[in-house]
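# Descriptive structure summary
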Amino acid sequence: MLSVSPPPSLPPLHHHNRSLIHHRNPRLLFTIRSSSSSSIQEAVEEKTSNEKNLLSSELYSTTPFPSIKAAKRVVLVRHGQSTWNEEGRIQGSSDFSVLTKKGEAQAETSRQMLIDDSFDVCFSSPLIRSKRTAEIIWGSRKVNMITDSDLREIDLYSFQGLLKHEGKAKFGAAFRQWQVDAANFNIDGHFPVRELWGRARNCWNKILAHESRSVLVVAHNAVNQALVATAIGLGTEYFRILLQSNCGVSVLDFAPRVDGGDGSPYICLNRLNQTPNSPVAAGSSAGRKTSKRIILVSHGTTQGGTEVNICSLIITILVCLFDGIFDPFNVFQATFSNSGNQPMSMLGIIQSQKTAELLLDLNVSTIVSSPKNACVEMATTISRVQEAADCLGADCVPRCVEMKQIKELDDATEVPPLQPGFLNRFEDEALSALWEQSGKAWQSLLNELSDESKPEKIVVAVGDPAIHIALMGHCLNLTADWMGSFHLDAGSISVLDFPDGPTGRGTIRCINYTAHLGRWSIPITRSTIDDEEF
């Protein structure tokens, strides 16, 4: 999605989360509690056994972060493959493993991916495997790295150093709880995941307080999950839901409050887990094999269409209301009315071809799309490449790929007009309508996955970025309030895995992956020279 650059005096676009709604809509206010590890543990221990299984994201989403004066982009990188990763050993915060040759190569790939950016500072875990990864990525930059013990991997106490089968044999029920109910997992008198969430909050306090605009953070799988989750207000029940692969890159954008006052910044997850390797390659999700998958493909750039994500739209209109620049209804109409209904531009065609190539080695069962022109064009390109994938030799049988169009993936036609002052109640207007419609689309996609005749099924859904943001919200069991916390670009893909099938909980393998677009990919970081906004 191509963002409209704001005037220098305006806050950067694509930075918003539901904290805006919390401040402006009293119906959505919750009790604010401390997020320190000790207070979280005390609060949760007071709950009944049933409540413990429903640790509330509200505990984290309403605790304020330090205010900031300028936009800040934070890039999270997990360390490369380590010797204990390779052995299948439980590492935790132990410091006995080092990078393998593959891990060193992954770190070098990440270095190349980030070589042209202008990071102001690097925060690193002090553990060898992470610190070495940071050193490779940081390269010859003159600024010293900052090591922070709060960025160490999750503390797993007696589990650390054991092979997984040894942990199962030695700890039995405790190991099973670690696998299926990590948020309530208790070992040696500790709740590791709850402690980790508290550490992540402490890390954000330090990162946001640092005088920098562009920040690199190199750490570990679990702590990076906690950093992403606490940033956008998700609780410990989301552990192992937002995947972090070796050297996977995630990006978070922070923007100061529009009114210029103190208070938590607006926060947007720009991308999740952009990996050195293909995000659709065979693998596991949170340590479990998956045979059911939904791949969300945002349609390519359109001819003359202005494409702005949900959080960009909200910030833009908010600024307009404050400054009285122009009618927000016109902004909305220009943004959403026909962006996906235009045919794709040459860039969009290239994006569709690159996306089809990325999906080439997958045996896609069904492609569903919005009936809009750009979505149908992209779906058709993917289908043709899929059907021809096994027909490059003399003897071949074409694949059969089912194609469908579902109107619920079309977000623009049924979104109601915006009314003046709608920001006090927009969850009851445009966003609630979009959310309701996306719920129907989500159920349709789950129904596609539920075909018992096909034990392995991959469904590709092609639609507008706005509807895909809502679909990810449904996957995460969130509400419409969280829609401004995510960002998608034109031509991007997001991968949702279902290790327990479509009736189970989905995990997010990646969000807004664009590396497959090559020279047309969206930069992970952007220059801050001449005070350019992110």
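Residues numbered from 1 in each chain as written. Predicted model: local features only at pLDDT ≥ 70, side-chain atom pairs only at ≥ 80, totals over all residues. Heavy atoms only, no water.

In the annotation of an unreviewed UniProt entry, the entry for the protein chain reads 2-carboxy-D-arabinitol-1-phosphatase, and the organism field reads Populus tomentosa. Looking at the protein chain in UniProt, the text filed under Sequence similarities (unreviewed entry) is "Belongs to the phosphoglycerate mutase family." Regarding the protein chain, the relevant UniProt record gives this comment under Catalytic activity (unreviewed entry): "2-carboxy-D-arabinitol 1-phosphate + H2O = 2-carboxy-D-arabinitol + phosphate". (UniProt positions renumbered as here; feature names shortened; annotations may be inferred.)

Right, let's talk about the overall build of the protein chain for a bit. Within the protein chain, the secondary structure is distributed over 17 helices and 14 strands. Burial status across the protein chain gives 58% buried among its 534 residues. Partitioning the contacts of the protein chain with sequence separation of at least 6, the portion at a separation of at least 24 is 77%. In the structure as shown, the protein chain presents an accessible area of about 20,900 Å², 50% of it carried by carbon and sulfur atoms. (Helix = DSSP H or I, 4+ residues; strand = E, 2+ residues; numbered from the N terminus. Buried < 20%, exposed > 50% of the residue type's maximum accessible area, 1.4 Å probe, protein only. Contact = heavy atoms within 4.5 Å. Areas by Shrake-Rupley, 256 points an atom, 1.4 Å probe, with all protein chains shown as cover.)

A few words on the packing of aromatic side chains. Summed over the entire model, instances satisfying the criterion amount to 10 aromatic pairs. Here Trp178 and Phe185 contribute two aromatic rings whose centre-to-centre distance is 5.1 Å and whose plane-to-plane angle is 50 degrees, an arrangement assigned as tilted. By the burial criterion, Trp178 is buried, and Phe185 matches it. Taking NZ or CZ as reference, Arg201 lies 4.0 Å from the ring centre of Phe65, over its face. In this structure, Arg505 packs its charged tip against the face of Tyr238, placed 4.9 Å from the ring centre. (Phe/Tyr/Trp six-rings, centres within 6.5 Å; stacked < 30°, edge-to-face > 60°. Lys NZ or Arg CZ within 6 Å of the ring centre and 35° of its normal.)

Our focus in this paragraph is unusual backbone geometry. The phi torsion at Asn273 lies on the positive side, around 60 degrees, for a residue other than glycine. Along the chain, Asn273 falls in strand E6 (residues 266-274). Phi is positive for Asn477, close to 60 degrees, though the residue is something other than glycine. Residue placement: Asn477 occurs in the loop between helix H17 (465-475) and strand E13 (493-497).

Glancing now at the UniProt feature "binding site: substrate" (unreviewed entry) in the protein chain. When the UniProt feature table is mapped to this numbering, "binding site: substrate" (unreviewed entry) covers Arg78, His79, Gly80, Gln81, Ser82, Thr83, Trp84, Asn85, Arg129 and Lys164. Within the secondary structure layout, Thr83 lies in helix H5 (residues 83-87). Judged by its relative accessible area of 22%, Thr83 falls in the partly exposed class. Mapped onto the secondary structure, Arg129 falls in helix H7 (residues 128-138). Judged by its relative accessible area of 0%, Arg129 is buried. Setting aside anything within four residues of it in sequence, one finds Arg129 in contact with His79, Ser82, Gln91, Gly92, Ser94, Asp95, Ser97, Leu99, Glu153 and His220. At 3.4 Å, the side chain of Arg129 forms a polar contact with the side chain of Gln91. (Polar contact = N/O pair within 3.5 Å; in protein donor to acceptor, adjacent residues only side chain to side chain.)

Before going further, it helps to examine the packing of helix H16 (residues 430-449) against H17. Taken N-terminus to C-terminus, the directions of H16 and H17 make an angle of 70 degrees; their axes are 9 Å apart at the nearest point. When the axes of H16 and H17 are compared, the pair comes out roughly perpendicular. The two elements H16 and H17 cross, and the hand of that crossing is right-handed. For the pair formed by H16 and H17, the contact residues are Leu434, Trp435, Ser438, Gly439, Ala441, Trp442 and Leu445 on the first element and Ala466, Ile467, Ala470, Leu471, Gly473, His474 and Cys475 on the second. (Axes fitted to C-alpha atoms, helices over the stretch in contact; angles between N-to-C directions. Parallel < 35°, antiparallel > 145°, perpendicular 65-115°, else oblique. Left-handed = near helix turned anticlockwise from the far one by under 90°.)

Along the polypeptide, Ser298 turns up in strand E9 (residues 292-298). The class of Ser298 is buried, set by a relative accessible area of 1%. In contact with Ser298, not counting residues within four places along its chain, are Met378, Gly463, Pro465, His468, Leu488, Asp489, Ala490, Gly491 and Ser492.

On to the pairing of E13. With 5 of 5 residues buried, E13 lies mostly within the body of the structure. The side-chain alternation of E13 yields two buried faces, one formed by Ile493, Val495 and Asp497 and the other by Ser494 and Leu496. Bridge count for E9 against E13 is 5 bridges, and the pairing is antiparallel. Looking at E13, one finds that Arg293 is bridged to Asp497. Pairing of E13 with strand E14 (residues 507-513) involves 4 bridges; the strand directions are antiparallel. (Pairing = 2+ DSSP bridges.)

Our focus in this paragraph is the nonpolar core. One finds Trp178 and Leu252 to be the most contacted residues of the largest nonpolar core, which totals 78 residues. Dropping the residues within four chain positions of it, Leu252 is found in contact with Lys72, Arg73, Val74, Leu76, Trp204, Val228, Ala231, Ile232, Ile267, Cys268, Leu269 and Asn270. If you look at the next biggest cluster of nonpolar residues, it comprises 23 residues, including Leu362, Val401, Cys510 and Tyr513. (Core = buried A, V, L, I, M, F, W, Y, C linked by side-chain atoms within 4.5 Å.)

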